[in-house]
Amino acid sequence: MSSRRTSQPFSTPLPTGRSGAYPRPESNSESGLTSSASLPDAPALTSARSASPAPAGLSHNSSILSISPIARSIQIPSTPQSLSATPLPPTTNNAYPFGFGSDMEATSTPVLNSSGPPSGLQEPDALCQADRLRLWRHDALMQHQYQTAVFIGDTVLSITDDPNDAFWLAQVHYNTGHYARTRQLLMRQDLDRSASCRYLAALCLTRLSKWDEALSVIGESNPFQNEDDSYATSDGGIKLEASMCYLRGIIYSNQNNFEKAKDCYKEALTVDIKCYEAFDELITNSLMTPVEEWDFLSSLRFDDNEDGELVKLLYTTKLNKYYNTNRFFEAEKHLQTKYNLEGNSDLIQSRAELLFVQCRFRQCLELCEKVLERDQFKFSIIPLYLACLHELEKKNKLFLIAHEMAENHPEEPVTWLTVGVYYLSIHKIAEARRFFSKASMMNPHFGAAWIGFAHTFAVEGEHEQAVSAYSTAARLFQGTHLPSLFLGMQHLQLHNFTLAEEYLDASYSICKTDPLLLNEMGVVLYHKNQLSEALEFFFKALKVADELDSDTKAWVPIKINLGHAFRQLRRWPEALEHFEEVLRVSKHEPEVYSAMGLVNLQLGRTDQAVINFQEALSLAPNDPVSWDLLKRALEENVNSMASKNAG
C-alpha cells in the first residue's frame, strides 16, 4: 500500500510571504491637483480658538500625523508668538520625546477640495516665507515631484534650521529611496532624541540591511512598555510605539531570531490593534500555530478602540482556516451585512483560502480571478491562484500570468514563484527549481518559494535534498504544520517509519484538523501493521473532511486506504463497500479495481475478480501487479471449472 496524497505537489495551502523582508515606504495620496491642505493625509485646518492646546511633549502614544509641517503654521494664535517650531530643550524627562515643540497641533478630519482658505484661517499672503516654502515642499512631496521637494526642503531648512524641517526633508529622501542620505541628515541634525526620527533612522538602516545598527538605534526592547498606553491616538493614526515594536520585530526576523520577532509583533498589536503590518507578519509567516492565533486574537483589547469591532472581524477572517471555521463564517456574514464589505477583495481572498483548504479548487479559482479582475497584480493572492491553476492543470493561464508578471514586476519574488510553478506544471523540474530558488533568495521569508523548491526534489525522488529543503522551511515557519507533514511523507517513502511518525506527530501537535495529515498518520500505522489504530486515523480524517465541508473527491484517497485496511483485517464486505464508494465518485482508479479483484479472489468469486483485473488493466495497461493477479485469477477460474466438470 502506498501513501496517497489528497493533492499533488504544491497543492497544499502555502504560507504566503510578504514581498519584502522590510516595510515599504509610506504610500502617498494619489491626489496631486490640490493644495496640501486638501490632501487626505493632511490635517484639518482649524483656528487656534477652536483647537485644543497641544500637550507640552507629544508622547509615543501619538501618531506621526501630529507633526504635520503645516498644521501649526496656519493657526491664528490667541497671543503673538513665533511661527517657527521650538527646538528640543536641552534637557527632557522623556528619553524619546515624540515631536519638537509644544505648539504643534493637528486635528483628525481633513479638509477636502476647498476652493479657498477655510473659515478662520489666515490668507496665504499672511503666511511668512518659511511657511509658504513648507507648503510648496509638502505639495511637491504629495505630487511625487521629489526633486522639487528636496530642493525646496533644503532651502527652507537652511533658512529656519528647524528640526521639523529637517525631519520632513528626511522623509522626502526616504521616499526617493536614498536611505543612506536620510540617515546622514538625521545624524547631522542630531535628532536622535525624537522617537519619530529614531524610527525613521532605523527604517533606513533596515532598508540598507544593517540589522545590528538598526537595532542599536531603535533599542532591543520597548522603552515605553511600563508607561500608560491605555488611550488611543487622538487623530486616529497608529501609535508610533506600535510601529517601533513592529520594526524591531522585522529586525529580529532578519536576524533569524523568530521567537523575539514574534514577541515584538505581538507587543505591537497589544500597544495598538491598528498596527496591521505586525498582524500580517504573524499570519503570513506562520509564526503562531492555529490555536495560538485564535488565543492571541481573543487577548487583544478591541473594546478600547472605536473601530474595534470592525478590526476584530477583519482580523478574524485572516486567521488559519483549519480551525474555527464557524467563527470565520460569522465574521464574514457580519462584515458583508453590517459593514457592506461583500465586494472587498481581502474578504473574497479569505473565502478563497477556505475553499482551497476544502479542496474546492474550481470555486477557489473563480474567486481568485474575481479579485484579480479588479487588481491584476494583487501579490498576496497570487500564490493561492497559482496553486489552483497547478491543481487544475491550467498550463496556458500559468504561461500567460508568468509572462505578465516577469514583464511588469521583475523585482517581486512572487514573479519568479509564478515562473517556477509554470515550469513545475510542464514537468521541467530543473528550471522550476532555479526560479523557486531565485524567489527565496529575493525574499528569504517567502514560504511558498521554499515549499515549491522542496517539492522539485520530491517530484524527482531526491529525498535527501527534499528533506533538507523542507527542514529549512520548518525552521523558518514554525507555526505551520506543512513542512513537518512533508518531511514525514518523505521519510514514509524512504520506509523510515519511525522518523516519519515523529515528524507527523510534530505536525499533528500544530494542527489536528488537516485530513491529509490524519491520512498520512494512518498510512504509517498501516505499514507498522497497527491496523486498528490506522482505521481510527482514517475515520478521523473522514470526519474532519466532512466538518471542513471538503469536496467529495478529496475523500477518495482516505476511502481507498480504509478499504486496504479492512482488506488486511480480512473484513471483506467492508473493504468492498469502501472500494465501491470510491468508484461511485471516481471511476478512473485502476488500483481500486485491482484491490476489488483481490478481495473477490479471496472470496472465491473468480469470475468477478477477472472482470475487476481487466478493468484495472484497461486504465493502467502496464501495471505488472494487475497482470500477475489476472493470470492467477484465470488459473483459479480454469481450475474451478475443471473441478466442477470432474464432479
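A quick note: this is a predicted structure, and the numbers were derived from the prediction, not measured.

1. Comments concerning the overall build of the chain
- The number of helices and strands found in the chain is 29 helices and 0 strands.
- Each of the 647 residues in the chain was classed as buried or not, and the buried ones make up 54%.
- Sequence-distant contacts in the chain: of pairs separated by 6 or more residues, those separated by 24 or more amount to 65%.
- As displayed, the chain has an accessible area near 29,100 Å², and 49% of this comes from carbon and sulfur atoms.

2. With respect to the confidence of the model for the chain
- Mean pLDDT over the chain: 81, with 79% of residues reaching 70 or higher.
- Ranking the elements of the chain by mean pLDDT puts helix 29 (residues 624-646) last, at 82, and helix 17 (residues 413-425) first, at 97.
- Scored below 50 in pLDDT, residues 2-58 makes 174 contacts in the model with residues more than four places away or belonging to other chains.
- Note on residues 65-122: pLDDT under 50 across the span, and 141 contacts to partners over four residues away in sequence or across chains.

3. Describing helix 1 (residues 129-142)
- In this model helix 1 runs 20 Å from its N-terminal to its C-terminal C-alpha over 14 residues, within 8% of the 20 Å that 1.5 Å per residue would give.
- Of all the 14 residues making up helix 1, 10 are buried; the element is thus mostly covered by neighbouring parts of the structure.
- Here helix 1 has its buried residues at Ala130, Asp131, Leu133, Arg134, Arg137, His138, Asp139, Ala140, Leu141 and Met142.
- On its buried side, helix 1 packs onto helix 2 (146-160) and helix 3 (163-175).

4. Side note on the packing of aromatic side chains
- As enumerated under the stated definition, the model contains 18 aromatic pairs in all.
- Look at tyrosine 276 and phenylalanine 279: their rings are 6.1 Å apart centre to centre, the planes differ by 40°, and that puts the pair in the tilted class. You can see tyrosine 276 and its partner phenylalanine 279 sitting in helix 9 (residues 276-284), 3 residues apart, about one turn around the helix.
- Clustering of aromatic rings is evident, with ring pairs tying together Phe399, Trp416, Tyr422, Tyr423 and Phe435.
- We note lysine 540 situated over the ring of phenylalanine 537; from NZ or CZ to the ring centre the distance is 5.1 Å.

5. Some words on the nonpolar core
- In this structure, Tyr265, Leu269, Cys364 and Leu417 are the most contacted members of the largest nonpolar core, which totals 166 residues.
- One finds Leu598, Leu601, Leu617 and Leu629 within the second-largest nonpolar core, a separate group that totals 9 residues.

6. Observations concerning the UniProt feature "repeat: TPR" (unreviewed entry) in the chain
- Sequence positions flagged by UniProt for "repeat: TPR" (unreviewed entry) are, in local numbering, residues 242-275, 413-446, 515-548, 556-589 and 590-623.
- Secondary structure across residues 242-275 comprises 79% helix and 0% strand; the distance between its end C-alpha atoms is 6 Å.
- As a span, residues 556-589 carries 79% helix and 0% strand, and end to end its C-alpha atoms are 10 Å apart.

7. What to know about the environment of lysine 338
- Among the secondary structure elements, lysine 338 is positioned in the loop between helix 12 (325-337) and helix 13 (345-357).
- For the pair lysine 338 and leucine 310, spaced 28 residues apart in sequence, the C-alpha separation works out to 9.5 Å.
- Polar side-chain contacts of lysine 338 include one of 2.7 Å to the side chain of glutamate 309.

8. Comments concerning helix 6 (residues 211-218)
- Among the residues making up helix 6, those that are buried are Trp211, Ala214, Leu215, Val217 and Ile218. Seen along its axis, helix 6 keeps its buried residues to an arc of 160°; they face one direction. Exposed and facing more than 90 degrees away from the buried side of helix 6 are Asp212 and Ser216.
- Buried residues belonging to helix 6 abut helix 4 (179-188), helix 5 (195-207) and helix 7 (240-254).
- Phi for glycine 219, located one or two positions after helix 6, is positive at around 95°.

9. Focus on the packing of helix 18 (residues 429-442) against helix 19 (residues 447-459)
- One way to put it is that helix 18 packs onto helix 19 with a least axis distance of 8 Å and a crossing angle of 155°. Taken together, helix 18 and helix 19 sit at an angle that is classed as roughly antiparallel. At the point where helix 18 passes helix 19, the crossing takes the left-handed sense. Between helix 18 and helix 19, the residues in contact are Ile429, Ala432, Arg433, Phe436, Ser437, Ala439 and Ser440 and Ala449, Trp450, Gly452, Phe453, Thr456, Phe457 and Val459, respectively.

10. Observations regarding the state of the cysteines
- According to the stated counting rule, one finds 0 disulfides in the structure shown.
- Not part of a disulfide, cysteine 275 finds its nearest cysteine sulfur in cysteine 245, a span of 8.2 Å.
- Using a relative accessible area of 4% as the deciding quantity, one classes cysteine 275 as buried.

11. Comments concerning the packing of helix 12 against helix 13
- For the pair helix 12 and helix 13, the least separation of the axes is 11 Å and the interaxial angle reads 155°. Classed by the angle they form, the pair helix 12 and helix 13 counts as roughly antiparallel. Two packed elements cross with a definite hand, and for helix 12 against helix 13 that hand is left-handed. Residues Thr325, Phe328, Phe329, Glu332, Leu335 and Gln336 of helix 12 form the contact with helix 13, whose own contacting residues are Leu347, Ser350, Arg351 and Leu354.
- In terms of residue class, the contact of helix 12 with helix 13 is built from 5 nonpolar, 3 polar and 2 charged.

12. Considering the pattern of salt bridges
- Counted according to the given criterion, the structure contains 19 salt bridges.
- Here lysine 378 ties to aspartate 346 by a salt bridge, and the two come within 3.1 Å at their closest N and O atoms. With a gap of 32 residues between them, lysine 378 in the loop between helix 14 (361-374) and helix 15 (382-391) and aspartate 346 in helix 13 connect regions that are remote in the sequence.
- A relative accessible area of 30% means that aspartate 346 is categorised as partly exposed.
- Between aspartate 549 and arginine 360 there is a salt bridge whose closest N-O contact spans 3.2 Å. Of this pair, aspartate 549 sits in the loop between helix 24 (531-547) and helix 25 (556-568) while arginine 360 sits in the loop between helix 13 and helix 14, placing them 189 residues apart in sequence.
- Assessed through its relative accessible area of 18%, arginine 360 is described here as buried.

Reading the values: the criteria
- Residues numbered from 1 in each chain as written.
- Predicted model: local features only at pLDDT ≥ 70, side-chain atom pairs only at ≥ 80, totals over all residues.
- Heavy atoms only, no water.
- Helix = DSSP H or I, 4+ residues; strand = E, 2+ residues; numbered from the N terminus.
- Buried < 20%, exposed > 50% of the residue type's maximum accessible area, 1.4 Å probe, protein only.
- Contact = heavy atoms within 4.5 Å.
- Areas by Shrake-Rupley, 256 points an atom, 1.4 Å probe, with all protein chains shown as cover.
- pLDDT = per-residue confidence, 0-100.
- Expected span 1.5 Å × (residues − 1).
- Phe/Tyr/Trp six-rings, centres within 6.5 Å; stacked < 30°, edge-to-face > 60°.
- Lys NZ or Arg CZ within 6 Å of the ring centre and 35° of its normal.
- Core = buried A, V, L, I, M, F, W, Y, C linked by side-chain atoms within 4.5 Å.
- UniProt positions renumbered as here; feature names shortened; annotations may be inferred.
- Polar contact = N/O pair within 3.5 Å; in protein donor to acceptor, adjacent residues only side chain to side chain.
- Arc of directions from axis to C-beta.
- Axes fitted to C-alpha atoms, helices over the stretch in contact; angles between N-to-C directions.
- Parallel < 35°, antiparallel > 145°, perpendicular 65-115°, else oblique.
- Left-handed = near helix turned anticlockwise from the far one by under 90°.
- Disulfide = S-S within 2.5 Å.
- Nonpolar A, V, L, I, M, F, W, Y, C, P; charged D, E, K, R; others polar.
- Salt bridge = Lys/Arg side-chain N within 4 Å of Asp/Glu carboxyl O.

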